[in-house]
Amino acid sequence: MAVLKKRALAEYSQVVQEEACNSKPLQLMKKPHLSSAGEDELVTINTLGKIETSEELLAYLNHVQHNLPFQTDDKVVVVRKLIDTYHQSEYSYVRLKIVCILGDFSKVPKFDVQFIINEIIKLLSTETSHKVCASMISKLKKLGSLLSSDSPVLGKIITIGTKLLNNSNHLVKCHCLSLLGDLVNVNYLQGENVNLICKFTKSQDPRVRTAAYDALLQLHERGQKLELCMYSDVCSALQDDNENVRQSAMRIIWVLSHTYPESCVVIPGCQDEVHLVDDAFAKICQAIGDLSVNVRTLAAELLGSMVNVNPHFLEQTLDKKLMSDMRRKRSAHERHWETVTSGEWASGARWADDKPRENLDAESVSLIHSGACGAFVHGLEDEFMEVRSASLDSLCQLALSNPRFATLSLDFLVDMFNDEIEEVRLKAIDCMTKISQLIVLREDQLEIILGVLEDSNVEIREGLHRMLGACRLSTKACLKLCVQALLDNLKRYSQDKRSIWRCLQLLGPRHPDLTLLLVPELLTVHPFFDMPEADVEDPSYVCVLLLVFNAAQFCPQILSLFEEHIRRHYRYLRDTISNFVPHLQLIGDEAMEGQIEFDTNTNYFLQNVMSRLNQPISTNQIKVWDAACHDLIRLAQIDSNLAHGVELLATQLECHILIAKVMNSPAWIDSSSLNVQDGDVVKNLIDQLQRRSLRLQYMFSNLSTEEMLLIQSTRLQAMAIQLVYIVRASNTSALALSDHFVSRVEALKGYGNLPSFAGSIVTEIARVDDTKPGVLSRLLLPILQAHIYVAPFCLPVKAFKLSADILEPSGESDNPQKFLAGFVLGVVLDAEIQGLAHSEYLRVRVKYPDLNAQLIIPQESHLKIVKQYSKNELNENIITVPDHRLRTSVLVSHQVWTESSHIELSLVLDVTDPEVPSALKRWRGFSEDSFIIELCKPVRVLVSPKPIKRGI
Amino acid sequence: MTDIKVTPLGAGQDVGRSCILLQMGGKNIMLDCGMHMGYNDERRFPDFSYIADGNLTESLDCVIISHFHLDHCGALPFMTEMVGYNGPIYMTHPTKAIAPILLEDMRKVAVERKGETNFFTSAHIKDCMKKVIAVTLHQTVQVDSEIEIKAYYAGHVLGAAMFHVKVGNQSVVYTGDYNMTPDRHLGAAWIDKCRPNILISESTYATTIRDSKRCRERDFLKKVHDCVDRGGKVLIPVFALGRAQELCILLETYWERMNLKAPIYFAVGLTEKANNYYKMFITWTNQKIRKTFVQRNMFEFKHIRPFDKSYADTPGPMVVFATPGMLHAGLSLQLFKKWAPNENNMLIMPGYCVSGTVGAKVLSGAKKVEIENRQVIEVKMSVQYMSFSAHADAKGIMQLIQYCEPQNVLLVHGEGVKMEFLKQKIQQEYGIDCYMPANGESAYIPCKPVVPVDVSLSLLKKEMALYDTVGAPDPKRPCRMHGILVMKDNVLKLMEPEQAFGELGLNRHSIRFTSCIQLRLPGTASRAMDQIQLILNSQNTNYPVKPSDEGMLNLESVSIKMETTDKEDRKSMMISWALQDEDLATWIMSSLRQVIV
């Protein structure tokens, strides 16, 4: 059983550690010169001629390729050697390899590209193998793109590419075309080149045709304007037998439609002219009925960006003429609309409800899609989810630019809520949310949408809550329906509480007038009788209140309807869940309101503190800092607007206080004056300093470069102190630590304008060659001492502090979760994380009653970025840092325990990876959790592992 | 011989008893072998005597069955065991697995319930199935040296396939029944651009364009959900296979999604066996089921349980699937009798009902229905009609035609009047011929005779290299090919001349023409030659002029030589050329004449 547990845990909490990849000696080669990787390549390259078999040669060449770029200067010699080998080799695969290596020389810094190009061109003239030829051309393409656009060599390459187009091999042709597409100079008139490529779109080989179209696309991307006259040819290529050709041709059509949207195209068969963009749109729409999935997907994707198409054509995409036995039939959507407009409801008990109406003239019915007819209807019904979800995206994009189309597409979006694949359903809801600004929901539509609230998937429900929060409802009945459905939802799934609250919070301000009509009903206000007071702890009552309060901001009449107990509830909620409840101007509350209105003067206070901090250094600087730090922490609690920046400042201050304290204690560099107690105090301080500085570095984001450098500098100071302390006061090796320190300093080199401490360290370290710990500490000590009190402080206004909030488990449940000891139990964890810049360090920490702790890497897919549809207006600057939502199931396991016990879940950052050099991973100098930063208070979950009953 | 003859023995301008006889390239192929469900006499089986009296094996080369519905495979045991046919029969794996279950069920009904005699036996079904060769999608099967068949996915029901039959250069695609819109358990029909001579397509919905499937599904689910919510019982009469599975999946996933608790019962005897096959043939289902079956096989229903008669009186909501589909007998009728008087309950008819059955009466809105023994039932339950048919609609048929680009279309399996409309549309919009023969009527479809010629690869490559080196491809430029056409053993071959001569053991002769022109040119012969070379070079760009050692000029096979005559300034120019360069020589002569003479 123990094994089983181990395995269960092992799978989910494994920390994958990448081994530093040492280049391994090649097994194939037994020659001694290859066994050491660091050997001088020039020596090895001289042995090239001595290798006999082609297999060995190939293995050797592989080795050479891996070891590029060479350190030696004689690259030309290497190239010469390689070319000699090339000429001697009769095997095309060896030659191919050599060409690859030659091409890779472009990666070698400062190497003469032209030289290589010339060599390859020389080789190309004698080469017979098509594969090698093709590879050479692709290398030429790569190398050519490194040249400047007016280089004469480039012209040479292009001439060769053009010449080799006549090669009989398709591979060579394809590569030549792609070379032309990449390298032809688009600034000069290069009509003949484009024409040449155009001709190859008629090639008999589909691969060449595809390559030709792709080359044209490439030219377009590089700024060459494609000619309008190729349009009709490209259109006929849509009927090509090869799907790749169809795809590339479709892309060209799309490009043309954006380049020449207004030019006219004659419809074959009649004299009418349409705009090219419309014609192209119709053509791409037709491709939605293509044979190949890939073409269909591409067509669906491309449609979305054709926003300037004629609305008439656009609306056709949602139109599919229905008929039954030659009689015109209404679609379900139309029928629905009719019953709505006629004011009667479908009885639901008629068979022939969808009875076909008028007879159709057989002549007038066209069965194949003419134009854009029904493209989206087909796309959304496609067999493959790729097509469906691409169609959804496009539909949404088009709807955003055309409100009428948005209204039309609504029914189809709603239909997609019922898709069989969850991702598609979710996407449909998201699309709906996006276009919700443009549409007004009817009652019948809303009814269908609200049905989805019963879905058992949280994501779907929350998506829908977001959507409802963003939509517009048409009538009072709609709003009532909506509120009712949300309350039902809350009853069914109580974990949706916050999401529903947020939904209602947004719903209120969008429909203040509709809410006004509903207030008496919702709050059970009666003109004559006092109704019983509802329980303010009841989540559904809170829901109603939130709707009303938020609506009341924009509709003061609502305020007058409030009864005394509601005012009380308002005050209570305003205090407890203030971010959901707006500030209201309640009559009779003036005294209290006055207090809130009063300017808190926090800014003034902050200025005060700052000026104190930046005063010249006094003798009892630590005390000044201490006081300031104290003030700042308190300030952060009071003023939420400034909190993040102030907290950063406070943390920084704390670090510097600790630095000063360490530096002032005599014991820190002198292990000889061994006063055990003093030594412990210093050690403790240094440990604290480490933690503080780590917090400083990882907990804040959205900083300017200067602010970041300041933080880095402080961290560097902390590291320097630790280094010096270890060198001076302990007998452990500090080699790895000093290397790490140096690499940190190196990283800062690139920045100008470094803070004084970091700056002086960088210059000092650049001056010495030797970075042994002893030397380093001698170097550091004077700098450290010079910078004890020097720290310019400024307030990073925009800084954002990382924080996490575990919503579930709430830690309030008294019912233990039972599971068999040794087996795993999944505990649902739902958390919101703000300002997470490094999601790769996020861990879930589980602490067991037996004091074991585990760090679990949450699955990447479980951590989602939450889109903020309406962020608080006050903090516009925050938006750059995304909010995350972690919803995962934490797998816990435990051995038999006599009674139910608590395990603690919390979210932490594990910065061991970036902060601890790999050589030090096992070193005991750090305490176990010194590189773990807690993000929130742990939540306790009651579990009771039960012993397995034997003998069942 | 080049005509293809198609004779429907059933399903010609009719639905049911699909059986189409195909004659092409001297081969006889039978497509489907179904029975008619509406008849109880000999008319229910196709008239095999049309093909041959007695032994069919000699006159038929193979039989192809498209899917397991009885109107496509019902007459198979009769044909093989009672009429006598021992040739190969082809069908897909799921069809081979499920068809015997259905045949057996039908046999039981016919023999044990209706007491028919002279019907095939269980043993017959078994023996018949032994003769079946199962094929896989996209697998090319060589029936004999000439017939080649290939199956394509057709949607419709599990294992339904379209068959591409090829004899020599002629080919026919037979669709069977197919569906171009995907549903909850099957994908859409798919075929590549095989460009057959004839596409034989079903046309059940020749005059219908259907609404989006989603609306119907949503309506269906919402109605069931509402009914269950108010504690009512839902009765869904279904046919045994196909739609039943689709509806099950639909309800199952919905129950899962919405966390519903009301029980769903499934009371379709033989479906349980068939369900096992559905679980096995996952590759034949749609994307969703294929992708998720590793976690959970969608056909392993969590919420759907087998029905027991005693459940009928259990209070509380439930959903029951019961056969038969038209409410004319069996369990579905019993349940209907019990539940009809309660307005909370609901009846959902997912398919078409033949007039005269209880189902049809109820659907047409009758409030009081009389059943078998003069019993009158009051219908208070709500009645819904939901069409979940898995045939291609008119648009789908047109789409399939667009996909495979046939030269002719032949419509079967539909009503004549409706076919007429579709036929007209096909002719109008694709400009191809369309046929719709009635039962027993033969359609002769003329095909252009195609003469295949084998070309040796080396010749092809050589010519292609020539073509490639000339320049960019130009569709307008003709590409000529030089070779020798050899007819040997009834096979035409295009060969390189050398190879052809070698094989035939002939010596190669070539014809050369020689002509002599008298010129008036001063100077020596060699100087005159230089002059001519200059002239040719200036005019001719395509062919290089090569001077040879003996003082001759060569252009391709044209050679020019100069000889001095007695007179000082007169020279005779001899020019000789091979037959293939006639044009070039003519051109040289005319241009030289213009300049010099």
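Residues numbered from 1 in each chain as written. Chains lettered and ligands numbered in written order. Predicted model: local features only at pLDDT ≥ 70, side-chain atom pairs only at ≥ 80, totals over all residues. Heavy atoms only, no water.

**Considerations on the overall build of chain B**
Consideration 1: Looking only at helices and strands, chain B features 16 helices and 30 strands.
Consideration 2: Taking 2.2 N^0.38 as the reference for a compact globule, 597 residues should give roughly 25 Å; the C-alpha atoms of chain B span a radius of gyration of 36 Å, well beyond that estimate.
Consideration 3: Dimensions of chain B along its principal axes, counting C-alpha atoms only, are 130 × 55 × 45 Å.
Consideration 4: In chain B, buried positions account for 55% of the 597 residues.
Consideration 5: Only carbon and sulfur atoms are counted for the fraction: they give 51% of the accessible area of chain B, which is about 26500 Å².
Consideration 6: Each charge sign in chain B was given a centre, from 68 positive and 65 negative side chains, and these centres are 7 Å apart. (Helix = DSSP H or I, 4+ residues; strand = E, 2+ residues; numbered from the N terminus. Rg over C-alpha atoms; globule rule 2.2 N^0.38 Å. Buried < 20%, exposed > 50% of the residue type's maximum accessible area, 1.4 Å probe, protein only. Areas by Shrake-Rupley, 256 points an atom, 1.4 Å probe, with all protein chains shown as cover. Lys, Arg positive; Asp, Glu negative; His and termini not counted. Charge placed at Lys NZ, Arg CZ, Asp CG, Glu CD.)

**Describing the pattern of salt bridges**
Consideration 1: Following the criterion strictly, the structure yields 52 salt bridges over all chains and no others.
Consideration 2: Of the charged contacts in the structure, one is a salt bridge between Arg498 of chain A and Glu832 of chain A, with a shortest N-O distance of 3.5 Å. One end of the pair, Arg498 of chain A, is in helix α25 (residues 497-510); the other, Glu832 of chain A, is in strand β11 (residues 824-834), and 334 residues separate them in sequence.
Consideration 3: Taking relative accessible area as the criterion, Glu832 of chain A reaches 11% and is therefore assigned buried.
Consideration 4: A salt bridge links Glu252 of chain B to Arg296 of chain B, with the nearest nitrogen and oxygen atoms 2.6 Å apart. Of the two residues, Glu252 of chain B sits in helix α6 (residues 243-258) while Arg296 of chain B sits in the loop between α8 (287-292) and β14 (304-306), which places them 44 residues apart along the sequence.
Consideration 5: Among the charged side chains, a network of salt bridges with common partners joins Glu459, Glu462, Asp830, Lys864, Arg885 and Arg887 of chain A. (Salt bridge = Lys/Arg side-chain N within 4 Å of Asp/Glu carboxyl O.)

**Looking at the sheet that holds strand β9 (residues 161-167) of chain B**
All names here are of chain B.
Consideration 1: Spatially, β7-β8-β9-β10-β11-β20-β21 is the arrangement adopted by the seven strands of the open sheet, whose pairing is mixed. Since the sheet does not close on itself, it has two edges, and those belong to β7 (140-142) and β21 (433-435), each with one partner. Each strand axis lies, on average, 20° off the axis of its neighbour in the sheet, ignoring direction.
Consideration 2: Pairing between strand β11 (residues 198-202) and strand β20 (residues 408-412): five bridges, direction parallel. Bridging across to β20, Ser201 finds its partner in Leu411.
Consideration 3: Strand contacts of helix α11 (residues 394-404): β9, β11 and β20, with the helix running at about 160° to β11, the strand carrying the most contacts.
Consideration 4: In the packing of helix α12 (residues 416-430) onto the sheet, contacts are made with β20 and β21, and the angle to β20 comes to roughly 170°. (Pairing = 2+ DSSP bridges. Axes fitted to C-alpha atoms, helices over the stretch in contact; angles between N-to-C directions. Contact = heavy atoms within 4.5 Å.)

**Considering the confidence of the model for chain A**
Residue and element names in this part refer to chain A.
Consideration 1: Here chain A averages 79 in pLDDT, and 81% of its residues register 70 or above.
Consideration 2: By mean pLDDT, helix α30 (residues 590-597) is the weakest element of chain A at 47, and helix α15 (residues 293-303) is the strongest at 94.
Consideration 3: Low confidence marks residues 8-43, where pLDDT is under 50. Its contacts with residues over four positions away, or in another chain, come to 35 contacts. (pLDDT = per-residue confidence, 0-100.)

**With respect to the pairing of strand β8 (residues 147-153) of chain B**
Residues and elements named next belong to chain B.
Consideration 1: The buried fraction of β8 amounts to five of the seven residues, a majority that puts the element mostly inside the structure.
Consideration 2: Summarising the sheet, β7 and β8 pair through three bridges and their orientation is antiparallel. Each residue of the ladder has a partner; that of Thr140, found in β8, is Lys150.
Consideration 3: Between the end of β7 and the start of β8, which pair antiparallel, lie four residues.
Consideration 4: Alignment of β8 against β9, held across seven bridges, turns out to be antiparallel. Bridge pairing in β9 links Ile147 to Val167.

**Some remarks on the interface of chain A and chain B**
Consideration 1: Opposite the 66 residues of chain A that make contact, chain B presents 63 residues.
Consideration 2: Each partner contributes to the roughly 5700 Å² buried at the junction of chain A and chain B, and carbon and sulfur atoms together form 50% of this total.
Consideration 3: At the junction of chain A and chain B, the tally comes to four salt bridges.
Consideration 4: In this structure, Arg195 of chain B and Asp241 of chain A form a salt bridge, with 2.8 Å as the shortest nitrogen-oxygen distance.
Consideration 5: On the surface where chain A and chain B come into contact, there are 18 residue pairs in polar contact (both at pLDDT 80 or more). (Buried area = accessible area lost by both parts, 1.4 Å probe. Polar contact = N/O pair within 3.5 Å; in protein donor to acceptor, adjacent residues only side chain to side chain.)

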